[in-house]
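Structural features, examined
The chain contents come next:
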Amino acid sequence: MIVYYGNMQKRYLEDLIRNDALAVKKIAFISGPRQVGKTTLARSLLEKLEADSTSYYTWDDDEFRKVWTKSPKSILDGLKSKYLVLDEIHKERTWKNKLKGLYDLYGEDYQFIVTGSARIDYYRKSGDSLQGRYFPYRLHPFTLCESPTVKLPPKTEWLENASPSIVNLDQLELLGGFPEPLWGQSEEKARRWRRLYRDRMIREDARDIQNIKEINSLDVLSLLLQERAGSQLSYESLREDIGSSHDTITRWIGILEALYYCYRIKPFSKNIKYSLKKEPKLFLYDWGFCSTGGAKWENMIAGHLLKNVHLWTDAAMGEFDLFYLRDKQKREVDFLVTKNKKPWLMVEVKSNSNKISPALNYFYNLLKPQFCFQVVREKKQEKPRSLEHPHIQIISAESFLSALN
């Protein structure tokens with residue numbers, strides 16, 4: 001179950017940030033989609049660190065913007081603790097240089113937590129580098145069995161770190177994992193939330209990170225991507241639909257990725273003859289946006305996998321990456337997770353099927369990952385490993401996801 005502190009829910013990154021970045025006086029940079037819980041997490045951290053409200057500043061506050069623009073150092077003068085949270089300061093053009101200056105001068109005396117609704121690697125394109133001064137953490141939506149502390153990557157048995165679910169699987173699929181629509185438990189309110197969410201992301205956040213003149217076309221692109229979630233991405237098709245150049249479409253998708261609206265996963269090609277090499281598949285951070293049930297189901301599993309790939313990488317537990325598998329003979333497996341560049345986990349997602357996918361069997365024999373599953377919707381469809389496929393297991397989504405954060 002979720003652990004509550006006051007009216008705040010303890011998220012899985014909280015202890016990690018305290019024991020990792022803050023323990024060695026690095027800047028803790030928390031990025032993730034808007035309204036995913038970054039501010040709540042930052043406030044919860046301050047509470048556990050016994051820091052009061054003077055330690056929290058947000059770019060949405062007019063007085064803070066004035067002080068930050070004129071003299072960032074004066075922010076430190078008003079602190080009653082050694083902790084400083086800077087919420088959404090990426091909206092200010094020179095924030096990196098100012099933060100670097102504060103850290104270089106006062107990093108031994110103060111500890112910094114920074115939140116942002118865009119990827120930290122996107123910011124490397126402008127301003128001075130913070131390289132070596134921060135640890136990045138990517139906060140994801142709630143998942144089926146998120147626990148208050150980080151679950152380690154399974155070592156020998158997949159279910160060795162399994163925990164109970166915190167939400168009904170059908171509700172999670174329907175409402176998505178973002179706190180407000182999920183805990184609101186209303187499909188109608190979730191639809192309203194998504195409409196307002198996307199509008200603010202396009203018309204405010206996108207303009208904060210790049211000057212976009214064709215804002216209406218970017219809006220149309222975000223809608224078209226909802227129809228293509230879970231599918232291979234055709235830039236040419238999007239170019240024809242929107243009437244923009246290939247380079248423009250590519251740049252806009254990059255912006256939507258930077259804002260944690262969508263993400264692309266590439267085909268894994270190492271050691272696979274006739275593998276596809278370029279065509280990515282596209283998914284949404286909020287699978288509630290998906291237009292069909294099948295796409296929503298696959299996108300939800302993808303979201304769980306990506307969350308753990310990011311978490312285990314950010315926590316220095318290995319270098320994890322998410323791919324899919326497809327060759328020119330059209331054999332395809334939905335997901336492959338690599339660990340330190342080697343196949344580690346292979347997953348085929350089915351609504352219901354009690355027969356091992358031939359493509360899953362083919363790619364398993366080719367790549368020999370440590371774990372290999374065919375994930376199905378219901379527990380009654382689970383099947384133990386057979387003599388014919390001793391390394392592949394048909395497992396319910398609830399069982400499979402219970403081992404993930």
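In this report, the structure presented in the accompanying data block is examined.

How each quantity is defined
Residues numbered from 1 in each chain as written. Predicted model: local features only at pLDDT ≥ 70, side-chain atom pairs only at ≥ 80, totals over all residues. Heavy atoms only, no water. Buried < 20%, exposed > 50% of the residue type's maximum accessible area, 1.4 Å probe, protein only. Helix = DSSP H or I, 4+ residues; strand = E, 2+ residues; numbered from the N terminus. Pairing = 2+ DSSP bridges. Right-handed = clockwise from strand over helix to strand, strands pointing away. Axes fitted to C-alpha atoms, helices over the stretch in contact; angles between N-to-C directions. Contact = heavy atoms within 4.5 Å. Expected span 1.5 Å × (residues − 1). Parallel < 35°, antiparallel > 145°, perpendicular 65-115°, else oblique. Nonpolar A, V, L, I, M, F, W, Y, C, P; charged D, E, K, R; others polar. Phe/Tyr/Trp six-rings, centres within 6.5 Å; stacked < 30°, edge-to-face > 60°. Lys NZ or Arg CZ within 6 Å of the ring centre and 35° of its normal. Core = buried A, V, L, I, M, F, W, Y, C linked by side-chain atoms within 4.5 Å. Salt bridge = Lys/Arg side-chain N within 4 Å of Asp/Glu carboxyl O.

Note on strand geometry: in a regular strand, side chains alternate between the two faces of the sheet. Summarising burial for strand β12 (residues 342-349): six of the eight residues are buried, a large majority. As paired elements, strand β11 (residues 332-339) and β12 share five bridges and run antiparallel to each other. Across the sheet, residue L336 finds its bridge partner in β12, namely M346. Counted along the chain from β11 to the antiparallel partner β12, the turn is two residues long, and its residue N340 has a positive phi close to 55 degrees. Inspection of the sheet shows β12 paired to strand β13 (residues 371-376) by five bridges, in the parallel sense. Each residue of the ladder has a partner; that of V347, found in β13, is F373. Handedness of the β-α-β unit built from β12, helix α14 (residues 358-367) and β13 comes out right-handed.

Moving on to the sheet that holds strand β4 (residues 56-58). Ordered by their spatial adjacency, five strands build an open sheet running β4-β5-β6-β3-β7, and the pairing between neighbours is parallel. Every interior strand has two partners, whereas the edge strands, β4 and β7 (134-138), have only one. Strand-to-strand twist across the sheet, computed as the mean angle between neighbouring axes with direction ignored, equals 20 degrees. Together, β3 (27-31), β5 (83-87) and β6 (111-116) form the strand contacts of helix α5 (residues 95-106), whose direction differs from that of β6 by roughly 165 degrees.

Note on helix geometry: an α-helix contains 3.6 residues per turn, so any two residues three or four positions apart are oriented the same way. Here helix α13 (residues 293-314) contains 22 residues, and its C-alpha end-to-end distance of 31 Å stays within 8% of the 32 Å for a straight helix at 1.5 Å per residue. Most of α13 sits inside the fold, with 19 of its 22 residues counted as buried. At the exit of α13 stands A316, carrying a positive phi of roughly 60 degrees.

Counting buried residues along β3, five of its five residues qualify, which places the element largely inside the surrounding structure. Residue alternation in β3 divides its side chains into two sets, I27, F29 and S31 and A28 and I30, and both sets are buried. Sheet analysis places β3 next to β7, joined by five bridges and oriented parallel. Across the sheet, I30 pairs through a bridge with Y137, a residue of β7. Sheet analysis places β3 next to β6, joined by four bridges and oriented parallel. Pairing of F29 across the sheet is with V114, part of β6.

Closest axis-to-axis distance for the helix α11 (residues 235-242)/helix α12 (residues 246-258) pair is 9 Å, and the angle between their directions is 105 degrees. On the basis of their axis angle, the class for α11 and α12 is roughly perpendicular. Side by side, α11 and α12 meet where Y235, L238, R239 and I242 of the first sit next to H246, I249, T250, W252 and I253 of the second. A per-class count over the contact of α11 with α12 returns six nonpolar, two polar and one charged.

Okay, the packing of aromatic side chains next. According to the stated counting rule, one finds 27 aromatic pairs in the structure shown. A ring pair is formed by F142 and W183, whose centres lie 5.3 Å apart and whose planes are at 75 degrees; its orientation type is edge-to-face. One end of the pair, F142, is in the loop between β7 and α7 (169-175); the other, W183, is in helix α8 (residues 179-184), and 41 residues separate them in sequence. What makes W183 partly exposed here is its relative accessible area of 30%. Aromatic ring contacts, followed pair by pair, group W158, W312, F320, W344, F371, F373 and F400 into a single cluster. Geometry around F289 places R194 over its ring, the cationic atom sitting 5.9 Å from the centre. A cation over a ring is seen here: R377 above W297, with NZ or CZ 3.9 Å from the ring centre.

Moving on, we get to the nonpolar core. Ranked by internal contacts, the top residues of the largest apolar core, which has 97 residues, are F335, L345 and F400. At 10 residues, the largest contribution of residues to this core is made by α13. In this structure F400 touches W158, L305, L345, V347, F373, V375 and I395, once residues within four positions along its chain are discounted. I27, Y57, W59 and W95 belong to the second largest nonpolar core, which has 20 residues in total.

Across the sheet, which stays open at both edges, the seven strands sit in the order β9-β8-β10-β11-β12-β13-β14 with mixed pairing between neighbours. Two strands close off the open sheet at either side, each with one partner strand: β9 (281-284) and β14 (393-396). Put simply, the sheet's adjacent strands are angled 35 degrees from each other on average, direction ignored. Sheet topology note: the strand β10 (residues 320-326)/β11 ladder contains six bridges and is antiparallel. The residue bridging F323 from the neighbouring strand is L336, located in β11.

Applying the stated criterion across every chain yields a total of 33 salt bridges. The closest approach of N and O atoms between E63 and K66, which form a salt bridge, is 3.4 Å. Of this pair, E63 and K66 both sit in helix α3 (residues 62-70), three residues apart, which is roughly one turn of the helix. Looking at K66, the relative accessible area reads 48%, which means it is partly exposed. In this structure, K341 engages E319 in a salt bridge whose closest nitrogen and oxygen atoms are separated by 3.1 Å.

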